[in-house]
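Chain by chain, the residues:
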Amino acid sequence: MRNRQLTRAPVSAGTFEPRIVAFFCNWCTYLAADLAGTSRMKHAPNVRVVRLMCSGRLDPQFVLDAFAQGADGVLIGGCHPGDCHYQEGNYKTLRRYHLLKRLLKQMGIEDDRCRLEWISAAEGDRVRSTINDMVERVRALGPLHFNVEREDHREEVTV
Amino acid sequence: MGLDRTLKYEADRDPEFASWISHTVGGERIRHCLQCGLCSASCPLSQYMDYTPRRLMHLSREGFKQEALGSYTIWLCTACYRCMVECPKKINLTHLMYALKERAIKERVYPKRFPIPVMARQFCAMIRGSGRITESWLMVRVFLRTAIWRMFGMRSLGWKLFRTGRLNIKPDKIERNDELTTILHSVAATRKELAI
Amino acid sequence: MPETVSPTNGSNGSGPRIGVYVCHCGTNIAGTVDVKAVAEYAATLPGVAVARDYKYMCSDPGQALIQQDIREHALARVVVASCSPLLHEKTFRKALERVGLNPFMLQMVNIREHDSWVHLDGKAATEKAKDLVRAAVRRVVLHKSLQKRRVPINPNVLIVGGGIAGIHAALTLADAGKHVYMVEREPTIGGHMAKFDKTFPTLDCAACILTPKMTSVGSNPNITLWTYSEVTGVSGYVGNYRIQIKRKPRYIIEELCLGCQECVTACVYKDGKTPDEFNLGLSKRKPVYLPFPQAVPQKVVIDPEVCIEFKSHKCKKTCVEACGDRKAIDFNQKEQIEEIDVGTIILATGFKSFDPLRNPYYGYGRFPNVYTSLEVERLINAAGPTGGEIVLRDGKKPTSVGIIHCVGSRDANTNRWCSKVCCMYSLKLAHLMKERTGAEVFNFYIDMRTPGKGYEEFYDRLLDEGVHFVRGRVAEVTDWPAHPSEKGKLVIRAEDTLAAFVRRIPVDMVVLAVGLEPQPDAQAVRRMFNISCSSEGWFLERHPKLAPVSTFTEGVYIAGACQGPRDIPDSVAQAGAAAAEAMALIDSQFVELEPYTAFITEEECSGCKSCIPMCPYQAISFVPEKKKAAINEVLCKGCGTCVAACPSSSIQQNFFEDEEIFEEVEGLLAYA
Amino acid sequence: MKYAYYPGCSLRGTGKAYEESLLAVFQTLGIEVQEIDNWNCCGATTYLSVDELASYALAARNLALAEREGLDIIAPCAACYLVLNKTQHYIRDYPDIKTVVIRALKKIGLDYADRVRVRHPLDVFLNDVGAKAITAKVVKPLKGLKVAPYYGCQIVRPYATFDDQGNPTSMDKLLAACGATVVPYPLKTRCCGGSQKGTLPEIGLDLIRFLIEEARRNGADTIATVCPLCQFNLECFQAEAAESTAPSMPILYFTQLMALALGASPGAVAFRRSLVKVEPVLAAKEIAYA
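Residue positions are given per chain, counted from 1 along the sequence in the order it is written. The order in which chains are written sets their letters, starting at A; the order in which ligands are written sets their numbers, starting at 1. Only residues with pLDDT of at least 70 get local features here, since the model is predicted, and only at 80 or more are side-chain atom pairs given and counted; chain-wide, interface and lining totals rely on the full set of residues. Hydrogens and water molecules were not included; the side-chain quantities draw on all heavy atoms of the structure.

**Concerning the overall build of chain B**
Reasoning step 1: Per the secondary structure count, chain B includes twelve helices and one strand.
Reasoning step 2: Over its C-alpha atoms, taken along the principal directions, chain B stretches across nearly 55 × 50 × 40 Å.
Reasoning step 3: When accessible area is computed with a 1.4 Å probe and restricted to protein chains, residues below 20% of their type maximum are described as buried, those above 50% as exposed, and intermediate ones as partly exposed. Among the 196 residues that make up chain B, the fraction classed as buried is 57%.
Reasoning step 4: Positive charges are assigned to Lys and Arg, negative charges to Asp and Glu, while His and the chain termini are left out of the count. A charge is said to be at NZ when it belongs to Lys, at CZ for Arg, at CG for Asp and at CD for Glu. Here chain B holds 33 positive side-chain charges and 18 negative ones, and the gap between their average locations is 7 Å. Under the DSSP-based scheme used, a helix requires at least four consecutive residues in state H or I and a strand at least two consecutive residues in state E, with every element numbered from the N terminus.

**Notes on the sheet that holds strand β30 (residues 556–558) of chain C**
Adjacent strands of a sheet form backbone hydrogen bonds with each other and so pair up, either parallel or antiparallel.
Residue and element names in this part refer to chain C.
Reasoning step 1: Ordered in space as β11-β8-β7-β19-β30, the five strands form an open sheet in which the pairing is parallel. If you trace the sheet from one side to the other, it starts and ends with β11 (223–226) and β30, each paired once. Strand-to-strand twist across the sheet, computed as the mean angle between neighbouring axes with direction ignored, equals 20 degrees.
Reasoning step 2: DSSP calls a pair of strands paired once it identifies at least 2 bridges connecting them. Of the pairings in the sheet, the one linking strand β7 (residues 157–160) to strand β8 (residues 180–183) comprises four bridges and is parallel in character. Each bridged residue has a counterpart across the sheet, and for Val157 the counterpart in β8 is Val180.
Reasoning step 3: On top of the sheet, helix α6 (residues 164–175) reaches β7, β8, β11 and β19 (344–347); it is set at about 165 degrees to β8, its chief contact. Angles shown run from 0 to 180 degrees and are taken between the N-to-C directions of axes, each axis being a line fitted to C-alpha atoms and, for helices, limited to the stretch in contact. Two residues form a contact once any of their heavy atoms are found within 4.5 Å.

**Re the packing of aromatic side chains**
Reasoning step 1: Two rings from Phe, Tyr or Trp (for Trp, the six-membered ring) form a pair when their centres sit within 6.5 Å of each other. Planes less than 30 degrees apart are called stacked, planes more than 60 degrees apart edge-to-face, and all others tilted. Going through the model one piece at a time under the given rule, you end up with 28 aromatic pairs over all chains.
Reasoning step 2: Between Tyr5 of chain D and Phe26 of chain D the ring centres are 6.3 Å apart and the planes differ by 85 degrees, which places this aromatic pair in the edge-to-face class. Of this pair, Tyr5 of chain D sits in strand β1 (residues 2–5) while Phe26 of chain D sits in helix α1 (residues 16–28), and the two are 21 residues apart along the sequence.
Reasoning step 3: The class of Tyr5 of chain D is buried, set by a relative accessible area of 2%.
Reasoning step 4: Owing to a relative accessible area of 1%, Phe26 of chain D belongs among the buried residues under this scheme.
Reasoning step 5: Every member of this aromatic cluster is reached through a ring pair, and the members are Tyr5, Tyr18, Phe26, Phe125, Tyr253 and Phe254 of chain D.
Reasoning step 6: The ring centre of Phe622 of chain C lies 4.5 Å from the NZ or CZ of Lys609 of chain C, which sits over that ring. The rule is short: NZ of Lys or CZ of Arg within 6 Å of the ring centre and within 35 degrees of the ring normal puts a charge over the ring.

**Observations regarding the environment of Leu540 of chain C**
Reasoning step 1: Inspection of the secondary structure assignment puts Leu540 of chain C in the loop between α14 (522–529) and β30.
Reasoning step 2: Along the chain, Leu540 of chain C and Phe552 of chain C lie twelve residues apart, while their C-alpha atoms are 8.3 Å from each other.
Reasoning step 3: Those residues within four positions of Leu540 of chain C in sequence are excluded, and the remaining contacts are Ala121 of chain A together with Ser532, Cys533, Ser534, Ser550, Thr551, Phe552 and Ile558 of chain C.

**Comments concerning the interface of chain A and chain C**
Interface size is commonly expressed as the accessible surface area that is lost when the partners come together.
Reasoning step 1: Taken together, the contacts link 55 residues of chain A with 57 residues of chain C.
Reasoning step 2: We define buried area as the total accessible area lost by two parts upon association, computed with a 1.4 Å probe and summed across both. For the pair chain A and chain C, the two sides together bury roughly 4900 Å², of which 58% comes from carbon and sulfur.
Reasoning step 3: By convention in these notes, a salt bridge is any Lys or Arg side-chain nitrogen within 4 Å of a carboxyl oxygen on Asp or Glu. Where chain A touches chain C, the interface holds five salt bridges.
Reasoning step 4: A salt bridge links Arg57 of chain A to Asp658 of chain C; the shortest N-O distance between them is 2.8 Å.
Reasoning step 5: Definition of a polar contact: a pair of N or O atoms within 3.5 Å, with one able to donate and the other able to accept a hydrogen when the atoms are protein atoms, and with sequence-neighbouring residues admitted only if both atoms are side-chain atoms. At the surface where chain A touches chain C, the tally comes to 19 residue pairs in polar contact (both at pLDDT 80 or more).
Reasoning step 6: Of all the secondary-structure elements, those providing two or more residues to the side of chain A that touches chain C are β1 (20–25), α1 (29–38), β2 (47–52), α2 (60–68) and α3 (89–106) of chain A.
Reasoning step 7: Tallying contributions element by element places α1 of chain A first for the side of chain A that touches chain C, with seven residues.
Reasoning step 8: Within the side of chain A that touches chain C, the residues separate by chemical class into 27 nonpolar, twelve polar and 16 charged. In this classification, the charged set is Asp, Glu, Lys and Arg, the nonpolar set is Ala, Val, Leu, Ile, Met, Phe, Trp, Tyr, Cys and Pro, and all remaining amino acids, among them Gly, are polar.

**Quick look at the interface of chain B and chain D**
Reasoning step 1: On the chain D side, the residues contacting the 63 residues of chain B number 67 residues.
Reasoning step 2: A combined buried area of about 5800 Å² lies between chain B and chain D, and 62% of that area is made up of carbon and sulfur atoms.
Reasoning step 3: At the surface where chain B touches chain D, the tally comes to five salt bridges.
Reasoning step 4: In this structure, the salt-bridge partner of Glu235 of chain D is Arg166 of chain B, at a minimum N-O distance of 2.8 Å.
Reasoning step 5: In this structure, the connection of chain B to chain D is made through 32 residue pairs in polar contact (both at pLDDT 80 or more).

**Observations concerning the pairing of β2 of chain A**
Side-chain positions along a regular strand alternate between the two faces of the sheet.
All names here are of chain A.
Reasoning step 1: In terms of burial, β2 is largely enclosed, as six of its six residues are buried.
Reasoning step 2: What you see with β2 is no split at all: Val47, Val49 and Arg51 on one side and Arg48, Val50 and Leu52 on the other are buried throughout.
Reasoning step 3: When β1 meets β2, the two strands line up parallel, connected through six bridges. From the neighbouring strand, Ile20 faces β2, where its bridge partner is Val47.
Reasoning step 4: Crossovers are marked right-handed if the path from the first strand over the helix to the second runs clockwise, as seen with the strands pointing away from the viewer. Handedness of the crossover joining β1 and β2 through α1 is recorded here as right-handed.

**Description of the pattern of salt bridges**
Reasoning step 1: Tallied over the entire structure, the rule returns 96 salt bridges over all chains.
Reasoning step 2: The partner of Lys396 of chain C in a salt bridge is Asp394 of chain C, and the shortest N-O contact between them spans 3.5 Å.
Reasoning step 3: A relative accessible area of 55% places Lys396 of chain C in the exposed class.
Reasoning step 4: By relative accessible area, which is 48% here, Asp394 of chain C ends up partly exposed.
Reasoning step 5: Lys626 of chain C is the partner of Glu602 of chain C in a salt bridge, and the nearest nitrogen-oxygen pair spans 3.0 Å. Separated by 24 residues along the polypeptide, Glu602 of chain C in the loop between β32 (598–600) and β33 (620–623) and Lys626 of chain C in the loop between β33 and β34 (628–631) bring together distant segments of the chain.
Reasoning step 6: Here the salt bridges share partners, and the residues they tie into one network are Asp112, Arg115, Glu117, Glu123, Arg126, Asp133 and Arg137 of chain A.

**Remarks on the sheet that holds β2 of chain A**
Residue and element names in this part refer to chain A.
Reasoning step 1: The strand order across the open sheet built from four strands is β2-β1-β3-β4, with neighbouring strands paired in parallel fashion. A strand with exactly one partner marks an edge of an open sheet, and here the two such strands are β2 and β4 (114–118). Taken over all neighbouring pairs, the strand axes of this sheet differ in orientation by 20 degrees on average, direction set aside.
Reasoning step 2: Sheet strands in contact with α3 are β3 (73–78) and β4, and its direction is about 160 degrees off that of β4.

**Describing the confidence of the model for chain B**
Residues and elements named next belong to chain B.
Reasoning step 1: The share of residues in chain B with pLDDT of 70 or more is 98%, and the mean pLDDT across the chain is 88.
Reasoning step 2: Within chain B, helix α10 (residues 150–153) has the poorest average pLDDT of any element, 74, and helix α3 (residues 53–62) the best, 96.
Reasoning step 3: Prediction confidence for the complex, expressed as pTM and ipTM, is 0.82 and 0.76 respectively. Per residue, pLDDT measures the predictor's confidence, with a range of 0 to 100.

**Here's the deal with unusual backbone geometry**
Most peptide bonds take the trans form, and the phi angle of most residues other than glycine is negative.
Reasoning step 1: Going from Val296 of chain C to Pro297 of chain C, the amide bond is cis rather than trans, its omega being 5 degrees.
Reasoning step 2: You can see Pro297 of chain C is positioned in the loop between β16 (288–289) and β17 (301–302).
Reasoning step 3: In this structure, the amide linkage connecting Arg157 of chain D to the following residue, Pro158 of chain D, adopts the cis form with an omega of -10 degrees.
Reasoning step 4: Examined against the element boundaries, Pro158 of chain D turns out to sit in the loop between β5 (146–150) and α8 (170–177).
Reasoning step 5: A positive phi angle is found at Ala74 of chain C, which is not glycine, with a value near 45 degrees.
Reasoning step 6: Looking at the secondary structure, you find Ala74 of chain C in the loop between α2 (60–72) and β4 (77–82).
Reasoning step 7: Take Ala74 of chain C: its relative accessible area is 48%, and that puts it in the partly exposed class.
Reasoning step 8: Even without a glycine there, the phi angle at Arg410 of chain C is positive, about 50 degrees.
Reasoning step 9: You can see Arg410 of chain C is positioned in the loop between β22 (400–407) and α12 (422–437).

As structure tokens, this is what we get:
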């Protein structure tokens with residue numbers, strides 16, 4: 001895989017608006033987000049959703065890359081355990097998530113910046129509350145300061 | 001201080017009354033009442049009533065006789081027929097008000113010293129007596145029996161009416177007044193016979 | 001003519017030429033997002049040859065606009081920023097296809113559900129839209145031409161549940177010449193409807209209209225009926241499902257049993273001792289029994305829990321004698337597993353009625369004369385435990401009856417939804433009670449809900465019949481007399497909100513109009529069939545208005561009260577719809593599957609096998625001679641779990657390749 | 001055009017002006033009327049609440065008397081008009097009532113075959129004579145006179161077939177035919193309180209106030225009525241009820257205005273019977289009045 005240029009955001013003075021990347025599975029959480037839309041459930045505009053067929057598709061590198069590219073937080077959404085459209089993809093996700101969290105910890109990325117939520121197609125309101133809650137937590141943490149081991153970090157993202 | 005019991009037992013209900021109201025003339029459709037409240041809303045006097053027409057209909061059809069007959073509502077009704085014309089279920093409310101008044105007078109269960117029933121009785125007495133109504137004398141009779149003092153309040157109006165020739169001193173009367181008596185006797189008889 | 005952002009010369013020769021289309025969706029998007037600004041911004045992005053905003057992209061002129069640009073500007077990629085891809089991705093892919101562009105050269109950006117509809121701050125929403133568009137533009141460059149997979153559809157249909165919905169769907173399909181497997185958990189089909197006496201508002205008798213349908217299910221050569229059976233396994237995908245069915249032993253060889261019931265008469269038990277399930281325990285049955293006279297199939301069942309032979313093996317087996325040469329009874333019968341292949345599935349698993357024990361104040365279970373509406377249906381039914389006579393447990397006729405509406409409905413403490421059918425069936429019961437017993441009937445209701453053909457008229461009729469309607473939710477049913485007239489009665493306490501005082505009404509019989517709930521095992525079922533549930537537990541339709549019988553799983557449809565409270569007419573209508581949907585799929589003979597499958601770049605595969613256990617469909621195998629993994633494209637469903645697991649990134653998923661996702665992520669975050 | 005005339009008690013008392021002007025209008029329009037011989041009180045709305053059956057029988061006597069003459073009835077008083085109509089309806093709809101009434105009438109040698117129609121002057125003037133014909137006979141157009149047409153309840157509700165129950169317009173047309181300006185009057189069929197003023201004054205006054213104030217708000221110089229009780233209430237208690245200190249406005253019978261326009265004698269127009277002087281209003285509009 002090619003090396004990526006790290007283009008971190010110039011930390012703008014004044015009010016800080018967290019930038020959060022979300023990875024939602026096509027069958028539960030993405031639908032829930034659509035439902036939140038059709039039900040006009042207003043929530044914070046800081047989240048950008050990337051659609052995957054299954055949360056099991058989530059390669060931890062996606063998360064690392066997101067942070068590397070300037071995300072202040074990453075939200076992962078999948079079907080409730082046992083409800084996976086592909087039977088057990090979300091269990092795999094869970095396993096990887098735990099490992100990923102350790103890695104992030106070592107890299108000094110606060111716990112609240114990466115989050116996994118099970119949200120079913122019917123839980124539009126969960127999408128709203130989760131996003132609002134996460135945005136507030138990350139806002140409290142402030143922008144992700146990274147420059148310290150940026151170089152080593154690049155090693156992390158490049159395989 | 002004495003607080004009244006507002007809870008109602010079935011024993012407080014009078015099924016006879018309920019079935020009477022739904023079988024009396026004009027009561028045919030009372031059971032169809034949807035309790036939408038249009039009658040109360042359209043009634044120009046509901047604002048003064050203790051039970052709105054809507055509530056009165058419900059109380060009557062459920063058989064809460066005392067509440068229904070004891071209410072001011074039936075006496076406040078001026079028979080403007082607004083409710084009846086507008087009722088979505090075409091319930092003859094105005095006529096039911098008459099029916100309730102009639103029954104209240106029969107059973108003498110109306111608010112104490114309430115002038116309207118008195119007025120009503122005097123009115124009929126006068127018709128039976130002379131076949132016609134002479135407003136001046138009717139008012140006199142009513143005031144004598146309810147609020148004598150108010151006669152003095154009416155002095156100036158009375159005088160004005162008298163000056164414009166609108167106040168009759170001599171009671172109006174028809175010939176062959178006996179015919180009315182005959183009619184009333186016949187009515188009473190037939191009513192007994194048909195039991196209505 | 002659409003408002004246009006003049007085609008830029010941004011397309012810097014090298015990469016493919018991209019067209020970006022931003023939809024106003026009337027004011028749905030344009031009301032919040034500054035669509036013009038978004039389009040103008042898109043025009044500045046590298047590779048973008050043309051960027052436009054337009055009122056309704058999905059409209060014919062909207063699509064024509066795209067197609068025209070593809071021709072004129074030789075576009076190789078298209079980005080549409082509008083609603084959710086789940087709504088219109090198909091539409092725009094077709095549009096591309098029609099002008100000879102591979103449909104997968106499209107990337108959709110969801111700026112309605114995920115943006116304009118959920119944000120108030122227009123500025124922020126516009127920024128978000130720009131980010132999303134930028135990401136899509138960077139991603140779409142990497143898109144590859146893909147082909148949908150066409151797989152044949154197995155014409156057989158599985159119908160789970162033999163209630164009125166299942167029955168109607170089965171007959172519709174069978175009449176169209178499709179083969180139907182109907183699986184019913186009870187020993188007979190008929191469901192709740194078979195228990196009713198009359199049906200509202202026409203009051204025609206349930207049996208008279210249901211039984212003929214039941215028997216034709218039993219006799220139709222196109223229908224394989226398995227009662228006393230349950231689905232235990234589902235695998236495969238649309239058009240090609242494989243189903244495991246467990247057939248519980250009824251200890252009767254169905255082929256041999258004539259339904260003569262001589263065994264029942266002959267049973268050593270002179271009379272029944274077991275509460276009869278079909279009569280909700282209002283009567284007793286023997287260990288060997290026929291659920292009810294019109295049961296389909298007409299085959300008896302033996303209940304091993306109470307049959308002496310099973311307990312002691314010392315029974316005289318008078319039943320076997322009675323059966324004689326027919327030899328239909330088989331005490332050694334074992335549970336069997338059937339396996340079938342079907343192309344489509346209709347779930348009609350129905351509902352469960354609310355258990356009034358959950359509301360202690362109404363005294364169900366405490367006072368013998370408090371009944372549920374379903375119990376009363378049996379009491380009224382001519383074929384019921386009392387032969388249609390409405391009598392209390394002590395055999396007396398009730399002189400006054402109270403029907404309590406909304407038991408287990410419209411109540412945050414139990415179920416928040418309105419069960420839809422209770423008002424009408426309560427009116428029906430009130431009518432039948434009055435007709436059969438002449439009792440005073442009181443209805444305690446919150447709102448009277450009678451939408452439907454002839455329903456309000458039925459209510460009007462009841463009003464006329466002199467049934468009492470007390471508007472107020474009942475607080476309690478008690479046998480404590482507060483007044484001499486209440487001695488020996490059940491007293492219902494409620495506010496008569498229309499008379500504006502509280503009333504205590506003594507009655508002989510209380511009927512609880514219990515609401516409808518999802519089946520207790522609804523969750524297990526939906527997992528097995530891989531569909532979603534609403535938060536209440538009802539099966540979730542693909543779209544509440546436009547796809548009410550489809551689910552998010554292709555080829556699986558829902559009908560009847562398993563989707564939500566429903567009355568008979570609605571269930572039947574829905575069953576018809578589900579049958580039609582299934583037929584449409586079957587008759588198209590092929591399904592097109594999304595090409596989102598995984599593939600291996602053999603040169604990079606190290607043969608570590610870490611992907612193999614990842615796949616729930618055993619689509620990945622290891623090829624020893626090559627020492628590499630291989631993916632069976634037919635079995636792959638495209639979840640991408642193996643892709644994420646592959647340490648050498650030698651597995652990729654079509655349309656979701658690592659690079660594509662990296663580009664999208666970076667596109668999102670890159671600063672303009 | 002010949003009709004049986006049923007004045008009713010009020011027109012012989014407080015409502016004299018109604019009768020005087022009405023007869024004058026009949027005359028000028030060539031309507032021949034014959035007063036029902038020895039008519040008796042219809043019982044108004046009151047008798048109904050004491051003895052329903054009896055009230056029908058008493059009212060029916062008048063119907064029978066008219067029927068004997070083979071004439072339709074003109075009943076100018078709202079209450080009479082309603083009660084006579086109602087009696088007819090109930091005799092039609094309820095066999096029992098019919099028996100009671102017929103028997104009673106037999107006793108005094110009368111018969112009732114439901115052949116008589118009960119009409120209101122508004123109906124007769126508009127539909128039998130016609131607005132055009134009236135305008136043709138107008139000698140003193142009521143130019144510039146702003147009139148609020150007040151129908152009250154019982155003319156239009158519930159039995160009037162000749163006009164709309166919610167928004168009647170027959171009087172509007174007649175007054176317009178006489179050259180008057182009819183001001184919009186949304187409360188035209190709102191209840192005046194009937195006998196409430198006599199029995200529950202404060203309530204009666206409320207109802208009267210609404211009507212007066214509304215007429216004033218719409219710039220009316222006078223209110224035209226069709227019912228003796230309405231006229232009495234609005235006129236006699238106007239000062240007592242009105243909020244504004246504005247001088248009371250004359251409350252007239254629509255027939256008085258018609259009579260004036262049709263050039264009837266001052267005696268017939270009967271302004272002398274008003275408690276509120278009419279002359280100033282007319283003077284302001286330069287409408288000559290003997």
